[in-house]
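# Secondary and tertiary structure notes
Listed below are the residues making up each chain.
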There are 2 protein chains.
Amino acid sequence: MIFEKVLSTINKYNLIENGDKIVLGLSGGPDSVCLLHILYRLKEKLDIEVYAAHLNHQIRGIEAQKDALYITQLCENLGVTSFVKSIDVPKYCKENGLSVEEGARKLRYEMFEEIKQKTKSNKIAIGHNLNDQAETILMRIMRGTGLQGLRGIEYIRDNNIIRPILDIDRKDIEAYCEEYELNPRIDHTNLETIYTRNKIRLELIPYMKDNFNPNVIESIVRMSNSLKTDSDYIQEESEIKFKEVSNLQEDACEIDIQKYSKLHDAIKVRVLRKGIKHILGDTNFVDQKHIEDIMQLEDNKKIDKMITLPRGIFAYRRKNTILLINKEIVNETIEFCYNLPSNGFIKVKELNLVLETQTMNIDRYKSMKLDKKSKGFDFDKVKGGIVVRSRKEGDKIKLSAGSKKIKDLFIDLKIPREERCNVPIIVDEQGILCVGDYKNSENYKIDNSTKEVLKITFKKI
Amino acid sequence: MIFEKVLSTINKYNLIENGDKIVLGLSGGPDSVCLLHILYRLKEKLDIEVYAAHLNHQIRGIEAQKDALYITQLCENLGVTSFVKSIDVPKYCKENGLSVEEGARKLRYEMFEEIKQKTKSNKIAIGHNLNDQAETILMRIMRGTGLQGLRGIEYIRDNNIIRPILDIDRKDIEAYCEEYELNPRIDHTNLETIYTRNKIRLELIPYMKDNFNPNVIESIVRMSNSLKTDSDYIQEESEIKFKEVSNLQEDACEIDIQKYSKLHDAIKVRVLRKGIKHILGDTNFVDQKHIEDIMQLEDNKKIDKMITLPRGIFAYRRKNTILLINKEIVNETIEFCYNLPSNGFIKVKELNLVLETQTMNIDRYKSMKLDKKSKGFDFDKVKGGIVVRSRKEGDKIKLSAGSKKIKDLFIDLKIPREERCNVPIIVDEQGILCVGDYKNSENYKIDNSTKEVLKITFKKI
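Remember, predicted model here, so these are calculated numbers, not experimental data. (Residues numbered from 1 in each chain as written. Chains lettered and ligands numbered in written order. Predicted model: local features only at pLDDT ≥ 70, side-chain atom pairs only at ≥ 80, totals over all residues. Heavy atoms only, no water.)

If you check UniProt for "domain: Lysidine-tRNA(Ile) synthetase C-terminal" (unreviewed entry), the listed places come out as residues 386–456 of chain A in our numbering. Summarising residues 386–456 of chain A: 10% helix, 37% strand, and an end-to-end C-alpha distance of 11 Å. (UniProt positions renumbered as here; feature names shortened; annotations may be inferred. Helix = DSSP H or I, 4+ residues; strand = E, 2+ residues; numbered from the N terminus.)

Shown next, in the form of structure tokens:
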């Protein structure tokens, strides 16, 4: 009965294919022992190979050695190759500043990977059962979760970690072990959140069974499985939309406001998460609240506003986009300062920019065809050496309306915050001639008395 | 604080608009009393009118009269018009075969509707709170539910039933009543599932708070609110797809297999539910299992297969469609039987069909241009009176390959089950001349010896 049920789970979720080589995580407890035995029985039918991997945590002393002995013998009886690795988990955790739960998990998966490579296997099988699933989901519901979290434990993850007995009730697993006289060890190696999980297992679920629904575990898992389908659908749609609205750079994600604003909120939330995931690799520590804050940036009143997010990410509303970006890049202010000859050129390597300068009389200047990238100044008004440099706190420029802070000018010109240090400022010893090719100072303006002109050309290379 | 929070809920979900006239369900307990007071305070700000409606269930005798008195006085003090209706709920339930919960709910909403009409109101306000919400969701999780059920209680339903204090914690409501000295009655009128709900309220949630998360109520409600967005999205997409793939008749819904098969499972499930809802008005008693059974019909191996669903619905796989149909229509076998003159016509009103008959010599017959709707028989082979009738159990026809059951012929011809009683069978006293215009008998075939021909024409009217 449970054998057929496992086979049906394997088929339904396509967990195993012919020719698979599978590393099984074998603690020695009923779950993993039952799974080992079922995979052993399926070996020929599915044309698979099975290896067992056991980690001795060195937490339980003599009992741990008995576990290892039991596993070696069991595998020998079944003709399954087994690997036993012994690591001082508590010591490792102390040294690496990890909780025992985190450390053991990390070491266990490292061992699986190691044995997977050694045996040229392609899959890892884990013995989670139906009760583990219900417990996980209940725990998440109590702590707060969303559609993604309600999926619970996955039948298959990253196309290589599989859980074939996830539909099987713990008591059926124990009965199976008894029927086949497998004599599993009492499973003490489940280190994760022992307190919480035991409370759920031994108190909460029995209470729910007695008072509300004897089949509460099945109800919860059925709910989770139906939500998996819904979650898959929204994920797939979000992925499609994400590609449509986003423009990806290495450490940034630009989202087209016009396209984005047409999406449903359910999709918007996921598009933003995908943008952050693109930069960080995951979205840990990014809460629903942060996502809602980014969503506020859609309002056109928020143009030019910025919000700070966890882990050095920030979201910046430009006119036509929301820019998600690794904040550190922005903070890396570009600074440069070069003397500029009055006839010649200089390369500003920080900006991939060449500045060409030329002095000439006014008649020649007037006869020239000038493009927007060239600016003319009354050369007689220039005092001392000319310098091109990055902006400085307090920079001001004289405009027709009066003196203006560069910072305010940038805001007027809607130059994004992170681009402002990319604007070259050209100065003499009195003050600013021009702010890039955006704006010239009134103080150096060509007028009727101008005889000699300084022409500066901005060339991107 | 709670006043502002209610206002924010009202704005967020657009519960109240200027000029609304609202009937408030007032039990006299803290929830509805608090809601009354808040709506009273919002009267001018929102330009609304409020009426209070109270149902005396006649279950608690003298206490119920005190409730009514309390309500009348409270409303008088606030200048709110109140309506008190007294109904013997237990008697009503007994007479109508309803549980007290169902009956009280039905009567309460009937009363709301009545007062809504009397006062020309457009909304009904109900005093459900945050705890009710969390309890409802937990109850559903334990009993089994899906994305739709996890939405919990709606802030607004059918655009007229509103729940403005659904975000407010019960203890804040009690504190509010105390602050304004409203002295609410102890609420005994919440008749629904008292046992289950009290267990959840008084045992389960406190246990969860103590052992897992002191903010478990907020976590559950936050989860539900985020799932509402996801659920809305899938519902909207399903509605669009449903329109694309379905062809609706009064008691039936035809689903185009080619379009349907391209949909995601999450959408398929909902499209099928919408089809059933179109026929029945709701999908009560239709489980996930039934929907999965219908989904199996997508497989082309299932062409011509039928499955029976609850409440007289059945699903039938035709070549290019899945037909959902009210089964009773199909079972209403159409029976008819008319004598057919050899020269003349007869109307089969059950089929909106006219049969024209004509006898003529073979030469004339051969000279005629015949369309597919006309059939010729050797008139000399016909014995006794001719009859047109609906099919009967055991009907057989002689074909070139031998005798064949009409039932098997229908299967061969892929005539849908529900159309089979619409096919006229023409017989003489020996047997069947033809099965509609589908197939003629070998026994009456025109051959070289034929002199006189009976021509029958089928005309749809």
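Structure's up, so let's keep going.
All names here are of chain B. Taken together, the five strands give an open sheet; going across it, the order is β12-β16-β19-β20-β21, and neighbouring strands pair in antiparallel fashion. Only two strands of the sheet have a single partner each, and these edge strands are β12 (337–340) and β21 (439–440). Two strands pair when backbone bridges link them, and β12 and strand β16 (residues 386–389) are joined in this way by four bridges, in the antiparallel orientation. Among the inter-strand pairings, L340 is bridged to a residue of β16, identified as I386. (Pairing = 2+ DSSP bridges.)

Residue and element names in this part refer to chain A. Partitioning chain A into domains gives domain 1 (2–214), domain 2 (242–330) and domain 3 (337–460). Residue-level contacts link six residues of domain 2 with seven residues of domain 3. Interface area for domain 2 against domain 3, summed over the two sides, is near 620 Å², with a carbon-plus-sulfur share of 56%. Inspection of the region where domain 2 meets domain 3 yields zero salt bridges. (Domains from an automatic or database assignment. Contact = heavy atoms within 4.5 Å. Buried area = accessible area lost by both parts, 1.4 Å probe. Salt bridge = Lys/Arg side-chain N within 4 Å of Asp/Glu carboxyl O.)

Here we come to the packing of aromatic side chains. Following the criterion strictly, the structure yields 13 aromatic pairs over all chains and no others. Relative to F112 of chain A, the ring of Y109 of chain A lies with its centre 5.4 Å away and its plane at 80°, an arrangement referred to as edge-to-face. In this pair, Y109 of chain A and F112 of chain A both sit in helix α5 (residues 100–118), three residues apart, roughly one turn of the helix. Judged on exposure class, the residue Y109 of chain A and its partner F112 of chain A are both buried. Both rings, one in Y233 of chain A and one in Y233 of chain B, keep their centres 6.1 Å apart while their planes meet at 20°; by these two values the pair is stacked. In this pair, Y233 of chain A is assigned in helix α10 (residues 216–245) and Y233 of chain B in helix α10 (residues 216–245), connecting two distinct chains. Accessibility assignment for this pair places Y233 of chain A and Y233 of chain B in one class, buried. A cation over an aromatic ring shows up here: R41 of chain A above the ring of F3 of chain A, its NZ or CZ 3.9 Å from the ring centre. (Phe/Tyr/Trp six-rings, centres within 6.5 Å; stacked < 30°, edge-to-face > 60°. Buried < 20%, exposed > 50% of the residue type's maximum accessible area, 1.4 Å probe, protein only. Lys NZ or Arg CZ within 6 Å of the ring centre and 35° of its normal.)

Between the two copies, chain B and chain A, the superposition gives an RMSD of 0.4 Å; the rotation angle is 180° and the shift along the axis is 0.0 Å. Here the two chains are linked by the operation of a two-fold rotation axis. Taking C-alpha positions as reference, the residue of chain B nearest the rotation axis is I234 of chain B, located at 3.7 Å. (Least-squares fit on C-alpha atoms with pLDDT ≥ 70 in both.)

Before going further, it helps to examine the pairing of strand β17 (residues 396–399) of chain B. Residues I397 and L399 of chain B line the buried face of β17 of chain B, whereas the alternating positions K396 and K398 of chain B sit on a face that is not buried. Linking two consecutive strands that pair antiparallel, namely β17 of chain B and strand β18 (residues 402–405) of chain B, is a turn of two residues.

All names here are of chain B. In terms of residue burial, strand β8 (residues 252–256) counts as a mostly covered element, since four of its five residues are buried. Note that strand β7 (residues 246–249) and β8 share four bridges and pair antiparallel. Looking across to β8, one finds that L248 is bridged to C253. Here β7 folds back onto β8, and the loop between the two strands holds two residues. Both β8 and strand β11 (residues 321–326) contribute to a ladder of five bridges, which runs antiparallel.

So, on to the pattern of salt bridges. Evaluated as defined, the whole model comprises 65 salt bridges over all chains. Residue K373 of chain B pairs with D437 of chain B through a salt bridge whose shortest N-O separation is 2.7 Å. With K373 of chain B in the loop between α15 (362–367) and β15 (374–378) and D437 of chain B in the loop between β20 (432–435) and β21, this residue pair connects regions lying 64 residues apart in the sequence. Among the residues examined, D437 of chain B registers a relative accessible area of 21% and is labelled partly exposed. When salt bridges that share partners are traced, they join D132, E135, R170, R197 and R201 of chain A into one network.

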